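Understanding the architecture of this molecule
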Amino acid sequence: STMHVPTAAPKPNIFAGLSDVSISGDIPVEGEINVPVGTPIQDKEYSTLDEPVKDTILRDLKAVGKKFVHVMYPKKSSALLRDWDLWGPLLLCVTLALMLQGGSVNSKEDGGPQFAEVFVIIWFGSVIITLNSKLLGGTISFFQSLCVLGYCIMPLTVAMVVCRLVLLGGSWRFSFIVRLIVVTASFSWSTFASTAFLADYQPPNRKALVVYPVFLFYFVIGWMILTV
Amino acid sequence: KMASSDGNKNTNTEPWGGFEDNIIQGTGSAVIDMENMDDTSGSSFEDMGEMHQRMKEEEEVAEEAEATEEETGEDGEFLGIKGIKGQLGRQVADEVWQAGKRQASKAFNLYANIDILRPYFDVEPMQVRNRLIESMIPIRMINFPQKIAGELYGPMMLVFTLVAILLHGMKTSGTVIREGTLMGTAIGTCFGYWLGVSSFIYFLAYLCNAQITMLQMLSLLGYGLFGHCVVLFVTYNVHFHSLFYILWLVVGGLSTLRMVAAVISRTVGQTPRLILCGTLAALHMLFLLYLHFAYHKIVEGILDTLEGPNMPPIQRVARDLPVVATAAMNAVNATVKTLGVILQSQ
C-alpha cells in the first residue's frame, strides 16, 4: 500500500496535485518519529543539587583556600574578583571578633571590644569604603569590593594569633615591641594587598583617594588588635 | 499610555459598542489602554474595561484558589476547577509579581540612588590637599561672598580620621565607657558634631538671611575639623598642658577664623554677623576643648601622681598601655612617688 504523493509540480499548479491525494482511514502510515531530547549533558554541569553535601562543602572550601593563597601573595590577578564569595570574610570576621573578645573576659573592666562591635566595624567599614570607591568613579561591583576587603583582613587575623601567642610568655616590654612590629607589618600588608586588587578598577588619578579610607580601616582594626 | 498602532476607531454609535473592532484589538495587542482602564461609561472601549475587570477578578480568584490550596489539599472536587484556573492564576500572579518588582525597583532607584551623591565626590587628590591647607588660612575679604567648595569627600574622610584619632586617644587614656562601646561613642560624637552643628548653623544662617547652602556648610565645617585632627593627634601623644592650650588657640583659632570669615562674607548686617560668628566660634573651640579633656581625665590623674615637685615634666611612662595593665602602672606610680620623696628629702 502506498501513499499517493504529489510529485514536484510547476509552481502555479502547486495545489493541483493535491486533489489526487486520497488516503483511506485504515491505511497505516509508515515512518519514524524522532522527538529531540533536550541535551542532558548541559544540565549536568550546572545542576549541583544532586551531589553529596561533602562535595559541595569541599568545593567551596577549596575556592576559599585558593583566595587565601592569593591574598598571601598578592599579584595582580583577577581570580579573587571573578568569582567572589563572602564565606572567607565571614570566617575571618568571626574568628577575629571571637579572639578580640576573649581578651576582655580576663579583665574586670569593659576595656575590650565586644563581638558585635568588631563585627559591625568590619562590615560597615567595608560598606562605606565600597560606597566611597563607587562614588569616586570606580567600576568595581559592590560585593566584589566587600569580598576583597574581607579577604585582606587575613594578615591581621594571623597577627592576632601571633600576638596571643606572644602574650602568653615573655616579658611585657619585649612582647609589646614584638606585637607592635607584627601588627604594623600585617596592617601594611593588608593595605598593600587590597590596593593591588582594587586599584585597577579606579580612575588612575584618584587612587590615593581610594587607598586612604582603606588605610584608615585597617589601621583601626590593627589598633584594636594591638590594644586588646 | 497611547493605544496600539491600530488606532482607536470610534466608529460605533451604539451604546453597547460593536464587537468586531474591539475584540480584535483586545486580543491582538498586549498593550492595555491605560486611559480606558476605568472608563465604563458606555463608550466603545467598554469591552476593554470589562476585560480588565475580568482579569482582576480572575486574579483575585486565583489568589484565593492559591490561598485555599493548602487548606483543601487533595480535595477532589476542588481540583477540577483548579486545573484550569490554577494555570491562569499562576500567570496572573506572575504578572502581578513582575509589576510589583518593577515598581519597587523604580522607587528604589529614585530614593536610594547613590548617583545623587556622585557629583559631591568628584575631586582630585590635589584639590583635597589644597583645600586642607586652605582651611587653616583665613581670608580677610568679608565684603564679597567667599567661594566655598561643595564637596563631601574631604569632610567625610576628616570625620573618620577624627574618629580614629579619638579611638587612639581613648585607648591610651583607658577611658571606660559603661553604657555603650568605645567605637560607638567616637562615631556618635564626631558625626553628631559634624551633622548636628552644621544643621544648627544652617538654621541660624537661614534665620539671619545668610547666603549659604547646607552642602556648603557641611563642607566648611568638615574641613574645619582638620585643625582639630592635627591638635588632637599631637596632644594625645605629647602631654604638655601648656602645649595643648597654645595649639588650641593657634590652630583651633585659625580654622575657626577661616570658617567665620567665610560665613560672615555671606551675611549682611551687623547683628546677624555677630550672632553667626559668635555661635560658630564658640561651638568649634569648645568642641576641641571637650575632645581633649573628656578623654584625658585618667591620663592627667596619672600624670599628677607621677610629677613630684622636683621631677621634670616629661614623664612618658607607658603611654600605650592597654587597660589590662593598669595594676602594673599603679605599682610603677608607687615606686616613682617614693623616688620623688627620696629626691625631695635630699
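Residues numbered from 1 in each chain as written. Chains lettered and ligands numbered in written order. Predicted model: local features only at pLDDT ≥ 70, side-chain atom pairs only at ≥ 80, totals over all residues. Heavy atoms only, no water.

Observations concerning the overall build of chain A
- Per the secondary structure count, chain A includes nine helices and zero strands.
- The order of helices and strands in chain A, counted from the N terminus, is α-α-α-α-α-α-α-α-α.
- Each of the 228 residues in chain A was classed as buried or not, and the buried ones make up 39%.
- Accessible area of chain A: about 13600 Å², with a carbon and sulfur share of 68%. (Helix = DSSP H or I, 4+ residues; strand = E, 2+ residues; numbered from the N terminus. Buried < 20%, exposed > 50% of the residue type's maximum accessible area, 1.4 Å probe, protein only. Areas by Shrake-Rupley, 256 points an atom, 1.4 Å probe, with all protein chains shown as cover.)

Quick notes on the UniProt feature "transmembrane region" (unreviewed entry) in chain B
All names here are of chain B.
- Under the present numbering, the feature "transmembrane region" (unreviewed entry) in UniProt falls on residues 152-170, 182-205, 217-236, 242-262 and 274-295.
- As annotated, residues 152-170 has a helix share of 95% and a strand share of 0%, and its two end C-alpha atoms lie 27 Å apart.
- End C-alpha to end C-alpha, residues 274-295 measures 32 Å, and it is 95% helix and 0% strand. (UniProt positions renumbered as here; feature names shortened; annotations may be inferred.)

A short note on the packing of aromatic side chains
All names here are of chain A.
- Counted by the stated rule, this structure contains 17 aromatic pairs over all chains.
- A ring pair is formed by tyrosine 212 and phenylalanine 215, whose centres lie 6.3 Å apart and whose planes are at 25°; its orientation type is stacked. Highlighted residues: tyrosine 212 and phenylalanine 215, both in helix H9 (residues 207-226), separated by three residues, approximately one helical turn.
- Look at phenylalanine 215 and you get partly exposed, because its relative accessible area is 35%.
- Between phenylalanine 219 and tryptophan 223 the ring centres are 6.3 Å apart and the planes differ by 20°, which places this aromatic pair in the stacked class. Here phenylalanine 219 and its partner tryptophan 223 are both found in helix H9, four residues apart, which amounts to about one turn of the helix.
- What makes phenylalanine 219 partly exposed here is its relative accessible area of 29%.
- Through successive ring pairs, a cluster of aromatic residues spans Phe187, Tyr212, Phe215, Phe219 and Trp223. (Phe/Tyr/Trp six-rings, centres within 6.5 Å; stacked < 30°, edge-to-face > 60°.)

Considerations on the side chain of arginine 206 of chain A
- Here arginine 206 of chain A lies in the loop between helix H8 (172-198) and H9.
- Judged by relative accessible area, arginine 206 of chain A falls into the buried class, the value being 9%.
- In terms of polar contacts, arginine 206 of chain A uses its side chain to reach the backbone carbonyl oxygen of valine 123 of chain B, at 3.1 Å.
- Here the side chain of arginine 206 of chain A touches glutamate 124 of chain B through a polar contact of 3.3 Å, side chain to side chain.
- The residues touching arginine 206 of chain A, leaving out its near neighbours within four places in the chain, are Leu136 of chain A together with Phe121, Asp122, Val123, Glu124 and Pro125 of chain B. (Polar contact = N/O pair within 3.5 Å; in protein donor to acceptor, adjacent residues only side chain to side chain. Contact = heavy atoms within 4.5 Å.)

Observations concerning the UniProt feature "transmembrane region" (unreviewed entry) in chain A
Residue and element names in this part refer to chain A.
- The sites that carry the UniProt feature "transmembrane region" (unreviewed entry) are, in the present numbering, residues 84-103, 115-136, 148-170, 176-197 and 209-226.
- Counted over residues 115-136, helix gives 95% and strand 0%. Its end C-alpha atoms are 32 Å apart.
- Secondary structure content for residues 209-226 is 100% helix and 0% strand, and the end C-alpha separation is 26 Å.

Focus on helix H6 (residues 182-207) of chain B
Residues and elements named next belong to chain B.
- Helix length check: H6, at 26 residues, gives a terminal C-alpha distance of 37 Å against a target of 38 Å (1.5 Å per residue), a fit within 8%.
- Its maximal kink placed at glycine 192, H6 deviates by approximately 25°.
- Just downstream of H6, asparagine 209 is the residue with a positive phi angle, here 60°. (Expected span 1.5 Å × (residues − 1). Bend = angle between axes of the 7 residues up to and from the residue.)

A short note on helix H5 (residues 115-135) of chain A
Residue and element names in this part refer to chain A.
- With 21 residues, H5 extends 30 Å from end C-alpha to end C-alpha; this agrees with the ideal 30 Å at 1.5 Å per step.
- Within the sequence span of H5, burial applies to Glu117, Val118, Ile121, Ile122, Trp123, Gly125, Ser126, Ile129, Thr130, Asn132, Ser133 and Leu135.
- Immediately beyond the C-terminal end of H5, within one or two residues, lies glycine 137, with a positive phi of roughly 105°.

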